[in-house]
Amino acid sequence: MSANTAAAIGLLGWCRQGFEPELAAEYQSKAAELGVAGYAKAQRDSGYVEFLCEDAAALSRQLGTNSLIFARQSIAMLASLPNLPREDRITPILDVLRGMDLNGFGSVAVEYSDADSGREFAGLARSLGNALRAALRKHGFMSGKDRPHLPCLHLLLTGAESGILGVSDFSQRPAFPMGIPRLRMNAQAPSRSALKLEEALLTLLTEAEREKWLRDGMRACDLGAAPGGWTWVLMRHGLLVTAIDNGPLREQLLENGRVEHLRADGFRWSPKFPLEWMVCDMVEQPARVAQRMGEWFANDWCRRSIFNLKLPMKKRYAEVEHCLQRFTEAAGMPLDIRVKQLYHDREEITVYAGLISRKDR
Ligand SMILES: C[S@@+](CC[C@H](N)C(=O)[O-])C[C@H]1O[C@@H](n2cnc3c(N)ncnc32)[C@H](O)[C@@H]1O
């Protein structure tokens, strides 16, 4: 933990617009599990949540972006800046840093929330970012060149004249700024859903894991595969895919012999031998999907899986907790589980689960 993080007064998280109550509930619940008292401040549709708490420095270390489902990015919060006058937004920021005795930053990020009320500040964030970077360097708050391993100073613009200051340590930063990957839709992809699986592989797995676990000739199945976006992503990684769906698969997928299409019920079909991967994007009751995914592990039908859980309209965080519990109970074994609402997920979350290798136990 850096000296800058030690000054934290809370956590600040970015989320999908409309999911502020879920992130607030998640902060509250996970902080309580860690014995930290605090309260969340969230405005509906703002795209961010503040969680003010005791011992925020320690909490921000334990509760980083990767351990939160609904936070695309979560950082340690330093100060609220309710008054950043248009004529000079920089002096009040430098005054706060001086007052808190903060310095030694390796980079700065002026950001906005991914919400209707936040995106309008994208242009201001860019120009203010450039000016603030120069000022931080000139006044000795930041290294002369960007140094990603040093703490990054964040300013979330909450209005044209207000913001929130925060800091992130290298290990806590998401793979993409503000948790938004800039993935381009490939014209060959059978559906936009392909982006969801691509993002899941980039966000939930490390580069080393992708190399080890996505190899030419490995076997996978895709439950609820049509029209074939996820199958296409796996096939491009060299995997041999059995695509299960009663609906039609895009013809091009069947041309090179790497994909087999079976018209079957994804809740009943099972493989004759263990597969490396099972992925599932069936639109169904999340608890039913979670139960079936757990059974795949209990029966040793796959080593690892990525699946989606579609969320209900209400009590979404409670439903997520219930589904994850149902999944682990049905699996009946310890698994490596990583859960995220990805940028390309709408009313859903994505789960990675995998067997824990002997050497990791
Ligand atoms: C969201 S789409 C999948 C999109 C796909 N992942 C892609 O990338 O193109 C959901 C699919 O699940 C299929 N599905 C729903 N229930 C199913 C079941 N019980 N068995 C097999 N497929 C099912 C539907 O037919 C539909 O094609």
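Counting restarts for each chain: residues are numbered from 1 in the order of the written sequence. Thresholds applied to this predicted model are a pLDDT of at least 70 for local features of residues and 80 or more for the giving and counting of side-chain atom pairs; totals over whole chains, interfaces and linings are not thresholded and use all residues. By convention in this description, side-chain values take in all heavy atoms of the structure and omit both hydrogens and water.

J.: How should I be thinking about the packing of aromatic side chains in this particular structure?
T.: The geometry of an aromatic ring pair comes down to the distance between the two centres and the angle between the two planes. Aromatic pairing here means that ring centres of Phe, Tyr or Trp (its six-membered ring) are within 6.5 Å. Orientation follows from the plane angle: under 30 degrees is stacked, over 60 is edge-to-face, and everything else is tilted. Under the counting rule described, the total for this entry stands at 9 aromatic pairs. Seen from their ring centres, Tyr27 and Phe51 are 5.5 Å apart, and the 20° between their planes marks the pair as stacked. Separated by 24 residues along the polypeptide, Tyr27 in helix H1 (residues 20–33) and Phe51 in strand S3 (residues 48–53) bring together distant segments of the chain. You'll find Tyr27 and Phe51 in the same group, each marked buried. Among the aromatic residues, those joined into a ring-pair cluster are Phe19, Phe70 and Tyr317. Arg288 extends its terminal NZ or CZ atom over the ring of Phe267, reaching a point 3.8 Å from the ring centre. Helix and strand assignments come from DSSP, with helices taken as H or I runs of at least 4 residues and strands as E runs of at least 2, each series counted from the N terminus. When a residue's accessible area, from a 1.4 Å probe over protein chains only, is under 20% of the maximum for its type it is buried; when over 50% it is exposed; and in between it is partly exposed. Put simply, a charge is over a ring when the Lys NZ or the Arg CZ is close to the ring centre, within 6 Å, and near the line of the ring normal, within 35 degrees.

J.: For this particular structure, what's the right way to read the site of the ligand?
T.: Surrounding the ligand, one finds 17 residues, the nearest of these being Ser191, Gly229, Asp245, Gly266 and Asp281. Contact between the ligand and Ala226: an oxygen atom at 3.2 Å from a main-chain N or O atom of the residue. Under this definition, polar contacts are N or O atom pairs within 3.5 Å; protein pairs additionally need one hydrogen-donor-capable and one acceptor-capable atom, and for neighbouring residues in sequence, both atoms have to be side-chain atoms. Take Gly228: an N or O atom from its main chain is 3.1 Å from an oxygen atom of the ligand. We get accessible surface area from the Shrake-Rupley algorithm with a probe of 1.4 Å; when it comes to residues, only the shown protein chains can shield them. Surface burial for the ligand is 77%, taken as the share of its 600 Å² of free accessible area covered by protein chains. Here a residue counts as near a molecule or strand whenever at least one of its heavy atoms sits within 4 Å of it.

J.: Which parts of the structure should I look at to understand the UniProt feature "binding site: S-adenosyl-L-methionine" (unreviewed entry) in the protein?
T.: UniProt positions are given in the numbering used here, feature names are shortened, and annotations may be inferred rather than shown by experiment. Using the residue numbers shown here, the UniProt feature "binding site: S-adenosyl-L-methionine" (unreviewed entry) corresponds to Ser193, Ala226, Pro227, Gly228, Gly229, Asp245, Asp265 and Asp281. Along the chain, the position of Ala226 falls in the loop between strand S8 (219–223) and helix H8 (229–236). Whether two residues are in contact is decided by their heavy atoms, any of which lying within 4.5 Å being enough. Among all residues touching Ala226, those that are not within four sequence positions of it are Asp245, Gly247, Pro248 and Leu249. The exposure class of Gly229 is buried, given its relative accessible area of 2%. In this structure Gly229 touches Pro190, Ser191 and Ala194, once residues within four positions along its chain are discounted.

J.: When you look at the packing of helix H9 (residues 286–298) against helix H10 (residues 316–331) in this model, what are you seeing that I'm missing?
T.: Helix packing for two helices is described by the angle between their axes and how far apart those axes are. Note on geometry: axes are C-alpha line fits, over the in-contact stretch for helices, and angles between N-to-C directions span 0 to 180 degrees. Contact geometry of H9 with H10 gives a least axis separation of 7 Å together with a crossing angle of 25°. The angle between H9 and H10 falls in the class roughly parallel. The handedness of the crossing between H9 and H10 comes out as right-handed. Note on element contacts: H10 touches H9 through Glu319, His322, Cys323, Arg326, Phe327, Ala330 and Ala331, opposite Pro286, Ala287, Ala290, Gln291, Met293, Gly294, Glu295, Phe297 and Ala298. Ten residues, namely Ala, Val, Leu, Ile, Met, Phe, Trp, Tyr, Cys and Pro, are considered nonpolar, four, namely Asp, Glu, Lys and Arg, are considered charged, and the remaining ones, Gly among them, are considered polar. Class assignment of the residues belonging to the contact of H9 with H10 gives a composition of 10 nonpolar, 3 polar and 3 charged. By the definition adopted for this analysis, an angle is roughly parallel if under 35 degrees, roughly antiparallel if over 145, roughly perpendicular if from 65 to 115, and oblique otherwise. For any helix crossing, the convention is left-handed if the near helix is rotated counterclockwise from the far helix by under a right angle, and right-handed if that rotation is clockwise.

J.: Can you walk me through the domain arrangement of the protein in this structure?
T.: In many analyses, interface size is given as the accessible surface area lost on bringing the parts together. An automatic or database domain assignment supplies the start and end points of every domain. Partitioning the protein into structural domains gives domain 1 (5–178) and domain 2 (194–360). Distance from the C-alpha centre of domain 1 to the C-alpha centre of domain 2: 33 Å. Taken together, the 17 residues of domain 1 in the interface contact 16 residues of domain 2. At the boundary of domain 1 with domain 2, total buried surface from both sides reaches about 1,400 Å², with 55% on carbon and sulfur atoms. Its largest share of buried area at the contact with domain 2, domain 1 owes to Arg16, Phe19 and Ile69, together 42% of the area lost on that side. Salt-bridge detection follows one rule: a side-chain nitrogen of Lys or Arg within 4 Å of a carboxyl oxygen of Asp or Glu. The shortest N-O distance in the salt bridge between Glu22 and Arg316 comes to 3.2 Å. There are 8 residue pairs in polar contact (both at pLDDT 80 or more) connecting domain 1 and domain 2. Accessible surface is computed with a 1.4 Å probe, and the buried area is the amount of it that two parts give up when combined, taken over both parts together.

J.: Is there a simple way to think about the pattern of salt bridges in this case?
T.: Pairing between side chains of opposite charge can happen when the charged atoms of each approach one another. Counted according to the given criterion, the structure contains 22 salt bridges. Here Asp114 ties to Arg72 by a salt bridge, and the two come within 2.7 Å at their closest N and O atoms. Separated by 42 residues along the polypeptide, Asp114 in the loop between strand S5 (107–111) and helix H4 (116–119) and Arg72 in the loop between helix H2 (56–62) and strand S4 (73–81) bring together distant segments of the chain. Side by side, Asp114 and Arg72 carry an identical accessibility label, which is buried. Between Glu276 and Arg304 there is a salt bridge, and its shortest N-O distance comes to 3.0 Å. Pair noted here: Glu276 is in strand S11 (residues 275–280) and Arg304 is in strand S12 (residues 302–310), with a separation of 28 residues, a long-range link. Take Glu276 and Arg304: they sit in the same class, and that class is buried. Overlapping salt bridges bring together Arg72, Asp114, Asp116 and Arg119 as one network.

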